[in-house]
Amino acid sequence: MTSHTFTSSPPLKGRLTVPGDKSISHRSLMFAGLAVGESRITGLLEGEDVLATAAAMRKLGADIERLGDGTWVVYGAGLGSLLEPRTALDMGNSGTSTRLMMGLLASHAVSATFVGDASLSGRPMNRVIEPLSQMGASFEASSGGTLPCMVRGAFPAVPITYRLPVASAQVKSAVLIAGLNTPGITTVIEPVATRDHTERMLTGFGAQLEIGEDKGERVITIHGEADLTAMDVTVPGDPSSAAFFLVAASIIPGSDLVVENVGLNPTRAGIVTVLKQMGADIEELNAREVGGEPVADLRVRYAPLTGIDVDPAIVPSMVDEFPVLFVAAALAKGTTRCTGLEELRVKESDRIAVMAAALTAAGARVEEQEDGLTIYGTGGEPLNGTSGEPVKTHLDHRIAMSMAVAGLTSKNGVEVDDTAPIATSFPSFMELLEGASR
Ligand code: S3P
């Protein structure tokens, strides 16, 4: 464990570029690894989670190479031709790699065992085991439907129509990816729209995928067995990583920062909407499209924030950004109420309980509910910070970075018990923070 104390920061200034989007990076390696031919990926996030996906795809037969200039070259194993991995697939901390790859294996006649770190080994896999079992795959999970978990894929698998019981892009993607190698039409019904990177990128790789609507629900169909054709992918910057700097610049007086190349897919950009509703000064510059995704540079200047009731309908488009939103709310004027957050309890950590404890330890006033958090803001007055005991991050990168941001406006600094998990999604976080606060 590497502890670190984050202390009161001068204004954040200048320009910085956040690394590639984690969700898009996982998918680019997986789909290129299934396509016939050579795909080149630029802007790939080289965080531990994505490297776990690369390692797993190599074990399944894809040829993946990193060039000196940071371009990743992938020669696909070919859908339907996956190799059986000889050793367990170690997915580290990454729920996305695990659930999406379970979908991939489910419709191939191979077996594999998934393992992960202590955080991932506590996370629920039944949400994918259930639909993938309906398709014909079999699973031997640890008690409570967790890792280690053995998967035995089925070929041919059976196409299903599956209505998502939880708003989860990972579950949606697992079923669609299983559908790629399943003869017939696999359908996923989404009562609430979640991030649509799988749909966008699979279409780019040549899959026959249709998106419709029925009684207000999104209906996605995929035709198998598909042939994916290699293509080049440019990965836009990750809005979930940008969020730490959007909040930090909003709450540190005098800040004026440009965060470049931020992906603003509407299924991901909820944090920008909510921060603006709280009074944040965020300007979208140079709007453009990168790799089939909307992107802009965001100029964010310090602005006093006001607490709001966050609309639960916006939760799926900012599900990973609540920890840092809680920090913004802790410095805002008045009360912020967040509800509809039950999914936060099954992320890399229980993000409601862990943030409630961490913010309280840093001097904020919060009240925890089963499905949310109420935060009583200081009105801009810095938090006291921690004294003696570091805050506990429970192997959760986003807790570590959120509490780092809290430390930047604190009187005594915030000590974070372990900054190592930051490398799962944002290896250059500390360096960029240092550069912006110089
Ligand atoms: C992800 C989906 C989200 C998100 C995760 C990445 C993805 O999870 O929390 O960090 O890439 O599909 P759920 O869709 O399961 O909520």
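Criteria and cut-off values
- Residues numbered from 1 in each chain as written.
- Predicted model: local features only at pLDDT ≥ 70, side-chain atom pairs only at ≥ 80, totals over all residues.
- Heavy atoms only, no water.
- Helix = DSSP H or I, 4+ residues; strand = E, 2+ residues; numbered from the N terminus.
- Rg over C-alpha atoms; globule rule 2.2 N^0.38 Å.
- Buried < 20%, exposed > 50% of the residue type's maximum accessible area, 1.4 Å probe, protein only.
- Contact = heavy atoms within 4.5 Å.
- Areas by Shrake-Rupley, 256 points an atom, 1.4 Å probe, with all protein chains shown as cover.
- Near = heavy atom within 4 Å.
- Polar contact = N/O pair within 3.5 Å; in protein donor to acceptor, adjacent residues only side chain to side chain.
- 1 Å grid on protein atoms, 1.4 Å probe; cavity = no way out; pocket = protein on both sides within 12 Å on 5 of 7 lines; lining within 4 Å.
- Sits in = over half its atoms within 2 Å of the grid points.
- Nonpolar A, V, L, I, M, F, W, Y, C, P; charged D, E, K, R; others polar.
- Domains from an automatic or database assignment.
- Points joined across faces, edges and corners; volume = space filled by probe spheres on them.
- Buried area = accessible area lost by both parts, 1.4 Å probe.
- Salt bridge = Lys/Arg side-chain N within 4 Å of Asp/Glu carboxyl O.

Enquirer: How would you sum up the overall build of the protein chain? Please name residues and give values.
Expert: Counting its regular elements, the protein chain contains 12 helices and 22 strands. Here the protein chain has a C-alpha radius of gyration of 21 Å; the compact-globule value for 438 residues is 22 Å, and the two agree. When the backbone C-alpha atoms are referred to their principal axes, the protein chain occupies close to 60 × 45 × 45 Å. Looking at the 438 residues of the protein chain, the share that counts as buried comes to 60%. Taking as baseline every contact in the protein chain between residues at least 6 positions apart, the subset at least 24 positions apart corresponds to 76%. Summed over its atoms, the accessible surface of the protein chain is roughly 15500 Å², and 50% of this surface lies on carbon and sulfur atoms.

Enquirer: Lay out the site of the ligand in plain terms, naming residues and giving numbers.
Expert: Every residue lining the ligand is accounted for by Ser23, Arg27, Thr96, Ser168, Ala169, Gln170, Arg195, Val319, Asp320 and Lys347. Arginine 27 places a side-chain nitrogen or oxygen 2.7 Å from an oxygen atom of the ligand. Between aspartate 320 and the ligand, the recorded distance is 2.7 Å, taken from a side-chain N or O atom to an oxygen atom. Its free accessible area being 380 Å², the ligand has 95% of it covered by the protein chains. Placement of the ligand is best described as lying within the largest pocket. Counted by class, the shell around the ligand contains 2 nonpolar, 4 polar and 4 charged residues. In this structure, the shell around the ligand is formed jointly by two domains, domain 1 (4-19 + 236-436) and domain 2 (22-234), each of which donates at least three residues.

Enquirer: Residues and numbers for the layout of surface pockets, please.
Expert: In this structure, the largest pocket spans a volume of roughly 580 Å³. Considering the residues around the largest pocket, the lining is formed by 36 residues, among which Ala167, Ser168, Val319, Glu343 and Lys347 are closest to the centre. Contributing elements (two or more residues each) for the lining of the largest pocket: helix 1 (22-32), helix 3 (95-106), helix 5 (169-180) and helix 11 (397-407). Residues of the lining of the largest pocket, tallied by class, amount to 10 nonpolar, 10 polar and 16 charged. Both domains that furnish three or more residues to the lining of the largest pocket are identified here as domain 1 (4-19 + 236-436) and domain 2 (22-234).

Enquirer: Quick rundown of the domain arrangement of the protein chain? Include the residues and the values.
Expert: Taken domain by domain, the protein chain holds domain 1 (4-19 + 236-436) and domain 2 (22-234). Placing the centre of domain 1 and that of domain 2 at their C-alpha centroids yields a distance of 29 Å. With 26 residues of domain 1 at the contact, the number on the domain 2 side is 24 residues. For the pair domain 1 and domain 2, the summed buried area comes to about 2200 Å², and 50% of that belongs to carbon and sulfur atoms. On the domain 1 side of the interface with domain 2, the three residues burying the most area are Arg268, Glu348 and Thr424, jointly 23% of the side's total. At the junction of domain 1 and domain 2, the tally comes to 3 salt bridges. For glutamate 343, the salt bridge identified is with arginine 127, shortest N-O distance 2.8 Å. If you look at where domain 1 meets domain 2, you find 14 residue pairs in polar contact (both at pLDDT 80 or more). Elements supplying a minimum of two residues to the side of domain 1 that touches domain 2: strand 17 (293-301) and helix 11. When grouped by side-chain class, the residues that make up the side of domain 1 that touches domain 2 number 11 nonpolar, 7 polar and 8 charged.

Enquirer: Go over helix 1, please, and point to the residues and values.
Expert: Of all 11 residues that make up helix 1, 11 are buried, and the element is covered over most of its length. Of all the residues in helix 1, the buried ones are Lys22, Ser23, Ile24, Ser25, His26, Arg27, Ser28, Leu29, Met30, Phe31 and Ala32. For helix 1, the N-terminal cap is aspartate 21; the gap from its side-chain oxygen to the backbone nitrogen of serine 23 is 2.9 Å.

Enquirer: Tell me what's going on with helix 6 (residues 197-204), and back it up with residues and numbers.
Expert: Of all the positions in helix 6, only His197, Thr198, Glu199, Met201 and Leu202 are classed as buried. Buried residues along helix 6 sit against helix 1, helix 5, strand 12 (209-214), strand 13 (217-224), strand 14 (233-234) and strand 17.

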